[in-house]
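# Report on the structure
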Amino acid sequence: MSDIKLFQFGGHDGVAELPGTALQIEKSLQVLFEANLEILLGVRFLASEHSTGPVHGGRIDTLGLDEDNSPVIIEYKRSINENVINQGLFYLDWLMDHRKEFQWLVMEQLGTEASKAVDWSAPRLLCIAGDFTRYDEHAVKQIPRNIELIRYRSFGPELLMLELVHVPKTNRSAMTKSAPVEKDIDEGDQANLGGAEYVQNGGDKGKYISQRMSYRLSQSPEGLRAIHDAAYEFLQSLGDDVQVKELLYYTAFKRLKNFVCMEIYPTTRNVHLFLKLNPDDVELVPGFVEDFRNTGHFGTGDVRVTLKSMADFERAQPLLQRAYDAG
């Protein structure tokens, strides 16, 4: 059972503990999440109780698309003995065999551009439950798939707590391999484009697009790579709940949702960090900390921090911590 406790101050009795409970009505948990999916998990809602057809004979609790355009399957564990992880893995395999069906669903719900931008490199399985057994937590550590365990507690009618029990850690070995590309991207290429839209401009050239981030890393001088690696390690070390997603054109650092997206550009010798903070709440410094709300870029985040030296990285650390805390 979760050992997190919530206390309320300022009442007639001074301090009172609020009892945490799991929702007892089976459907109410799913309804609550689906109505607030983007706020709670950074996932855009696509479908509820989606049928996998007569052959597979199953129904996916919730289907969605996350902020990095990765497909998301959400399964809710109703009872302590329910094997929701195996069920979710079954649905992940089904999803990978029915990509066109999923993209058609995205097109119907979110539009053509979102459908074209779906990133199949890292589909996610989110298992949500009032609690997990130690066997659940051990099992997901042995499975090389993108599985997240999220524990919830309801504290009265107005408070919901979400706790990340398990998030996968990314293997960085793929980042070091270079691959031939037709053209490197510079910062000007994305000036008028969002990340998802620009990725799609590659059409069917996925064989080289998928290596774009590793290519840029391989072309970076040693000093720039050192800045990138220092920021990478710092962000990953902010907490055990940090998940790293290495995508086509950027690396996303997330808890329940992205809090920083990182890019590297060897030509201009910059590492860019996009922080999910309100630009109005930070001190802007031209060339270092900038408001990027109205400028197209890859990933998420409205504050851009530019690192050109280790000194810049050290100056940026308090802001990176703030982004993590807010995430």
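In this convention, every chain numbers its residues from 1, walking through the sequence in written order. Given that the model is predicted, a residue must reach a pLDDT of at least 70 before its local features are reported, and side-chain atom pairs must reach 80 or more before they are shown or counted; all residues, however, enter totals for whole chains, interfaces and linings. The side-chain quantities take in all heavy atoms of the structure and omit both hydrogens and water.

For salt bridges, the criterion is a side-chain nitrogen of Lys or Arg within 4 Å of an Asp or Glu carboxyl oxygen. Per the stated rule, a full pass over the model turns up 18 salt bridges. Ionic pairing is found between Arg124 and Glu148, a salt bridge with its closest N-O pair at 2.8 Å. Here the residue Arg124 occupies a position in strand 6 (residues 124-129), and Glu148 occupies one in strand 7 (residues 147-155), the gap between them amounting to 24 residues. Each member of the pair Arg124 and Glu148 is classed as buried. Here the salt bridges share partners, and the residues they tie into one network are Asp66, Asp68, Arg124, Glu148, Lys245 and Lys254. The numbering of helices and of strands both runs from the N terminus, where a helix is a DSSP run of H or I of at least 4 residues and a strand a run of E of at least 2. Categorising residues by exposure relies on relative accessible area from a 1.4 Å probe, with only protein chains included: less than 20% of the type maximum marks a residue as buried, more than 50% marks it as exposed, and the intermediate range marks it as partly exposed.

Only the contacting stretch of a helix is used when fitting its axis, a line to C-alpha atoms as for every element, and angles between N-to-C directions run 0 to 180 degrees. For the pair helix 4 (residues 84-97) and helix 5 (residues 99-110), interaxial distance at closest approach is 5 Å and the crossing angle is 85 degrees. On the basis of the axis angle, helix 4 is roughly perpendicular to helix 5. Residue-level contacts link Trp94, Leu95, Met96 and Asp97 of helix 4 to Arg99, Glu101 and Phe102 of helix 5. Roughly parallel refers to an angle under 35 degrees, roughly antiparallel to one over 145, roughly perpendicular to one between 65 and 115, and oblique to any angle outside these ranges. Only heavy atoms matter for contacts: two residues are in contact if any of them lie within 4.5 Å across the pair.

A few words now on helix 12 (residues 310-326). Here a helix's expected span is defined as the number of its residues, less one, multiplied by 1.5 Å. With 17 residues, helix 12 extends 24 Å between its outermost C-alpha atoms, agreeing within 8% with the 24 Å of an ideal straight helix rising 1.5 Å per residue. Note that the bend at a residue is defined as the angle between axes fitted to the seven residues ending at it and the seven residues starting at it. Of all the bends in helix 12, the largest measures some 40 degrees and sits at Ala316, one to four residues before the proline Pro318. Among the residues of helix 12, those classed as buried are Asp312, Phe313, Ala316, Leu319, Leu320, Ala323 and Tyr324. In this structure, the buried side of helix 12 is in contact with helix 11 (222-236), strand 11 (258-265), strand 12 (270-275), strand 13 (289-291) and strand 14 (303-307).

Moving on, we come to unusual backbone geometry. With glycine set apart, most residues show a phi of negative sign, and most peptide bonds adopt trans. One non-glycine residue with positive phi stands out, namely Asn69, at about 65 degrees. Residue placement: Asn69 occurs in the loop between strand 4 (59-66) and strand 5 (71-77). According to the relative accessible area criterion, Asn69 is buried, its value standing at 11%. Even without being glycine, Arg269 reaches a positive phi, approximately 60 degrees. Inspection of the secondary structure puts Arg269 in the loop between strand 11 and strand 12.

Looking now at the packing of aromatic side chains. Here the aromatic set is Phe, Tyr and Trp, taking the six-membered ring for Trp, and pairing holds for ring centres within 6.5 Å; pairs whose planes are under 30 degrees apart are stacked, those over 60 apart are edge-to-face, and all others are tilted. In this structure the tally under the stated criterion is eight aromatic pairs. Look at Tyr249 and Phe298: their rings are 4.8 Å apart centre to centre, the planes differ by 10 degrees, and that puts the pair in the stacked class. Taken together, the positions of Tyr249 in the loop between strand 9 (243-246) and strand 10 (251-254) and Phe298 in the loop between strand 13 and strand 14 put the pair 49 residues apart, joining distant regions of the chain. Phe298 carries the same exposure label as Tyr249, and that label is buried. Ring centres of Phe259 and Tyr324 lie 5.5 Å apart, and the angle between their planes is 80 degrees; on these two criteria the pair is classed as edge-to-face.

A word on a nonpolar patch on the surface. For patch building, the residue pool is restricted to those with more than 30% relative accessible area and no salt bridge; the joining distance is 9 Å between like charges and 5 Å between nonpolar side chains (Val, Leu, Ile, Met, Phe, Trp, Tyr). Residue-level accessible areas treat just the shown protein chains as cover; the underlying method is Shrake-Rupley with a 1.4 Å probe. On the surface, a nonpolar cluster with roughly 330 Å² of combined accessible area is contributed by Phe7, Phe9 and Val15. In this fold, Phe9 is placed in strand 1 (residues 6-11).

So, on to helix 4. Over its 14 residues, helix 4 runs 20 Å from end to end, which matches the ideal 20 Å to within 8%, given 1.5 Å per residue. Every buried residue of helix 4 is listed here: Val84, Ile85, Gly88, Leu89, Tyr91, Leu92, Trp94 and Leu95.

Attention now goes to the sheet that holds strand 13. Sheet architecture is open: six strands sit in the order 9-10-11-12-14-13, paired in antiparallel fashion. Each edge of the sheet is formed by a strand with only one pairing partner; in this case those strands are strand 9 and strand 13. Neighbour-to-neighbour, the strand axes of the sheet open up by a mean angle of 20 degrees, direction not taken into account. Relative to strand 14, strand 13 is paired through three bridges, and the arrangement is antiparallel. The partner of Glu290 across the bridge, within strand 14, is Arg304. Where helix 11 meets the sheet, its contacts fall on strand 9, strand 10, strand 11, strand 12 and strand 14, and the angle it forms with strand 11 comes to roughly 170 degrees. Paired strands, in this sense, are two strands between which DSSP finds at least two bridges.

Between helix 11 and helix 12, the shortest axis-to-axis distance is 10 Å and the interhelical angle comes to 20 degrees. Between helix 11 and helix 12, the crossing angle belongs to the class labelled roughly parallel. Where helix 11 crosses over helix 12, the handedness of that crossing is right-handed. Contact residues: Ala226, Ile227, Ala230, Ala231, Phe234 and Leu235 in helix 11; Met310, Phe313, Gln317 and Leu320 in helix 12. Among the residues making up the contact of helix 11 with helix 12, the classes are represented as nine nonpolar, one polar and no charged. Two helices that cross are described as forming a left-handed crossing if the nearer one is turned anticlockwise from the farther one by less than a right angle, and a right-handed crossing if clockwise. Lys, Arg, Asp and Glu make up the charged group, whereas Ala, Val, Leu, Ile, Met, Phe, Trp, Tyr, Cys and Pro make up the nonpolar group; the residues left over, Gly among them, are polar.

We now examine the environment of Ile85. Within the secondary structure, Ile85 is located in helix 4. Here Ile85 falls in the buried class, since its relative accessible area comes to 3%.

Ordered by their spatial adjacency, six strands build an open sheet running 3-4-5-6-7-8, and the pairing between neighbours is mixed. Each edge of the sheet is formed by a strand with only one pairing partner; in this case those strands are strand 3 (43-51) and strand 8 (159-166). Strand-to-strand twist across the sheet, computed as the mean angle between neighbouring axes with direction ignored, equals 30 degrees. Bridge count for strand 4 against strand 5 is four bridges, and the pairing is antiparallel. Its bridge partner lying in strand 5, Thr62 is registered against Ile74. Along the sheet face, helix 4 touches strand 3, strand 4, strand 5, strand 6 and strand 7 and points at about 155 degrees away from the line of strand 5. The strands touched by helix 7 (residues 134-142) are strand 5, strand 7 and strand 8; relative to strand 7, the strand with the most contacts, the crossing angle is about 150 degrees.

As far as function goes, none of this settles anything; it's purely spatial.
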